[in-house]
Amino acid sequence: MSATIKELLASEAVRDGVVAQGWVRTRRDSKAFSFLELNDGSCLKNLQCIVDEGIPGYEHIAQCTTGAAVRIDGRLVASRGGAQKWEVQATAVTLLGGADESFPLQKKGHSPEFLRTIAHLRPRTSLYGSVFRVRSRLAYAVHRFFQERGFFYVHTPIITASDCEGAGEMFRVTTLAPGADDFTKDFFAKQAFLTVSGQLEGETMATALGKIYTFGPTFRAENSNTTRHAAEFWMIEPEMAFCDLAQDMDMAEAQVKYLAQSMLDESPEEVEFLGKFVDKGLRERLEFVVNRPFERLSYTEAVAILQRSGKSFEYPVAYGQNLQSEHERWLTEEHCRCPVTVFNYPKDIKPFYMRLNDDGQTVAAMDLLVPGIGEIVGGSQREERLDQLQANMAQHGLSEEAYGWYVDLRRYGSVPHAGYGLGFERMLMFVTGVPNIRDVIPFARTPGHCEF
RNA sequence: UCCUGAGUAGCUCAGCGGCAGAGCGGGUGACUGUUAAUCACUAGGUCGUAGGUUCGAACCCUACCUCAGGAGCCA
């Protein structure tokens, strides 16, 4: 393998016999030579190459247009121009793959709406290249965070037969012909779906290995058309035995801080670039998240604060109702001006598995809200008491048969345990400042869209 | 799914009842150690679709389609 442009630009000294391979971002011609700027995706910066008339391959310079794949052999030397430290004085140029005038990416900026229509080419832009480099590093940081803390990475099923995990509409998985509805003849001899959460299975692993996490694709068939929802996304779900809600919140907040810190440490080039073109306050926000403690409010306190805010919301604030987006945004963006964790929600607006508090009215649930995105983490302490869980299930109309294995966890060696779900793409939006979830995943799946 | 807004050249947009426009990009040429280079010339259009109003519609009206933003659902 030849050196990447990232490696070449990090050189300490002049280097002979270098090979640079990449895609032409721009070409500027002089009478007797051309400037060729190459990008290979290894970093944000381009490598400027000087291609003199007469070197081997120069006869094809006209085809080395924006988008073309090119190999440059030459010498890495200090640049005579001011905009870059190093450049390559080419001794040979090879056109690997041309790109004719129909190549849709121009040197100038394009709208995200247009780039979504050419999602197969947009990673070649500075913005999407940055986002997808960050995506890789952030995914690795997620694993590092957990592995450093003794968590085990577990793989929960993608295909599930549980049809009411309480997290929205599900995609059906079937081998039956269209129109057939005898599920006893289906592949699994019953209805099957794509998972909307690995939590319940995660609990079985946590009550054996102690601290576990999942990090995998998740599917929701909701007809959601927003900047924050995708039908296929990646979710991180830790589950911890011998853990209560307070410790759960500690972990979620520590993780958000850790991931923000990793962005600052590992992607400084992208922080600067995204701060310039996408979100002016990006660095400031990341440093703020890393350095300042998060706020923590009970649902009851949050409602009281909202009610005496004097702010006129489109939807009134009422105890017992879910907080609206505008309420959450006001809390995190204007009242606290920092990430805020809201906990202990009324039991009637939360799922059956959340632990009933001693007041008999609220459950040990928590949502971590961040400025600009809203809810980024949702979690809870789980109901570990057998009789209480059974009562909850009855109340929610769930059959104990279908969830016998889940109830067994309370029947045999039950322990307090807790966990949360962190939307990976939402975290990516938060650390990059990119305002639309469709721009932080290579190929977004949303209602009506399954292209590429 | 609901609400709001927008669809005009490859891209970004102006034009808002009377000849279809600009910048960028593309092509051709000139020029220059250039930096989203510069200069000149040039090609490029079913004004989202279908109806309607009008002497005349890109422009006004209706429906539909598509996209975007907001809401709900949530991560």
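Residues numbered from 1 in each chain as written. Chains lettered and ligands numbered in written order. Predicted model: local features only at pLDDT ≥ 70, side-chain atom pairs only at ≥ 80, totals over all residues. Heavy atoms only, no water.

**Student:** Go over the overall build of chain A with me, naming the residues and quoting the values.
**Tutor:** Helix and strand counts for chain A come out as 12 helices and 16 strands. Its C-alpha atoms put chain A at 85 × 60 × 45 Å along the principal axes. Relative to its full complement of 452 residues, chain A shows a buried share of 50%. Accessible surface, chain A: about 21500 Å² in total, of which carbon and sulfur atoms supply 52%. (Helix = DSSP H or I, 4+ residues; strand = E, 2+ residues; numbered from the N terminus. Buried < 20%, exposed > 50% of the residue type's maximum accessible area, 1.4 Å probe, protein only. Areas by Shrake-Rupley, 256 points an atom, 1.4 Å probe, with all protein chains shown as cover.)

**Student:** So what's going on with the nonpolar core? Which residues, and what values?
**Tutor:** In this structure, Val377, Tyr420 and Met427 are the most contacted members of the largest nonpolar core, which totals 62 residues. In this structure, Met427 is in contact with Leu138, Val256, Leu259, Ala260, Ile376 and Leu422, ignoring residues within four places of it in sequence. In terms of nonpolar packing, the next biggest core, distinct from the first, is built from 31 residues, Val303, Cys338, Tyr345 and Met354 among them. (Core = buried A, V, L, I, M, F, W, Y, C linked by side-chain atoms within 4.5 Å. Contact = heavy atoms within 4.5 Å.)

**Student:** Pulling in residues and values, what's your account of the pattern of salt bridges?
**Tutor:** Taken as a whole and assessed by the stated rule, the structure comprises 25 salt bridges. Its salt-bridge partner being Arg116, residue Asp439 comes within 2.8 Å of it at the nearest N-O pair. You can see Asp439 sitting in the segment after helix 12 (424-432) and its partner Arg116 sitting in helix 2 (residues 112-117), a full 323 residues away along the chain. You can call Asp439 buried: its relative accessible area is 5%. (Salt bridge = Lys/Arg side-chain N within 4 Å of Asp/Glu carboxyl O.)

**Student:** So what about the sheet that holds strand 3 (residues 47-52)? Which residues, and what values?
**Tutor:** Hydrogen bonding along the main chain pairs the strands of a sheet, whether they run parallel or antiparallel. Within the closed barrel, the 5 strands sit side by side as 1-2-3-5-4. Their pairing is mixed. Recorded for the sheet is a direction-independent mean angle of 55° between the axes of neighbouring strands. Bridge analysis of strand 4 (residues 69-78) against strand 5 (residues 86-97) gives 10 bridges, and the strand direction is antiparallel. Across the sheet, residue Leu76 finds its bridge partner in strand 5, namely Val88. (Pairing = 2+ DSSP bridges. Axes fitted to C-alpha atoms, helices over the stretch in contact; angles between N-to-C directions.)

**Student:** Tell me about the sheet that holds strand 10 (residues 211-219), and name the residues and values.
**Tutor:** Read across the open sheet, the 8 strands follow the order 6-10-11-16-15-14-13-12; overall the sheet is mixed. The open sheet has two edge strands with one neighbour each: strand 6 (152-153) and strand 12 (295-298). Bridging between strand 15 (residues 374-381) and strand 16 (residues 417-423) involves 5 bridges; their strand directions are antiparallel. The residue bridging Val377 from the neighbouring strand is Leu422, located in strand 16. Packing of helix 4 (residues 199-209) onto the sheet brings it into contact with strand 6, strand 10, strand 11 (232-241) and strand 16, and relative to strand 11 it is tilted by some 35°.

**Student:** Now, about the domain arrangement of chain A: what can you tell me, with residues and values included?
**Tutor:** The figure often quoted for interface size is the accessible area lost as the parts come together. Once the domains are mapped, chain A shows domain 1 (5-97) and domain 2 (122-439). The gap between the C-alpha centroids of domain 1 and domain 2 is 45 Å. In this complex, domain 1 contributes 9 residues to the contact, which on the side of domain 2 involves 8 residues. Of the roughly 680 Å² buried where domain 1 meets domain 2, counting both sides, 41% is carbon and sulfur surface. On the domain 1 side of the contact with domain 2, Trp23, Arg25 and Leu44 bury the most area, a combined 66% of that side's loss. With a shortest N-O distance of 3.1 Å, Lys45 and Glu269 are connected by a salt bridge. Linking domain 1 to domain 2 there are 5 residue pairs in polar contact (both at pLDDT 80 or more). Looking at the side of domain 1 that touches domain 2 residue by residue, the class counts come to 3 nonpolar, 3 polar and 3 charged. (Domains from an automatic or database assignment. Buried area = accessible area lost by both parts, 1.4 Å probe. Polar contact = N/O pair within 3.5 Å; in protein donor to acceptor, adjacent residues only side chain to side chain. Nonpolar A, V, L, I, M, F, W, Y, C, P; charged D, E, K, R; others polar.)

**Student:** Kindly report on the pairing of strand 3, identifying the contributing residues and their values.
**Tutor:** Strand 3 sits mainly inside the fold: 5 of its 6 residues count as buried. Examined bridge by bridge, strand 2 (residues 33-39) and strand 3 share 6 bridges and lie antiparallel to one another. Paired with Leu38 across the bridge in strand 3 is Leu47. Where strand 3 lies against strand 5, 3 bridges are found, and the strand directions are parallel. Following the sheet pairing, Gln48 is matched in strand 5 by Glu87.

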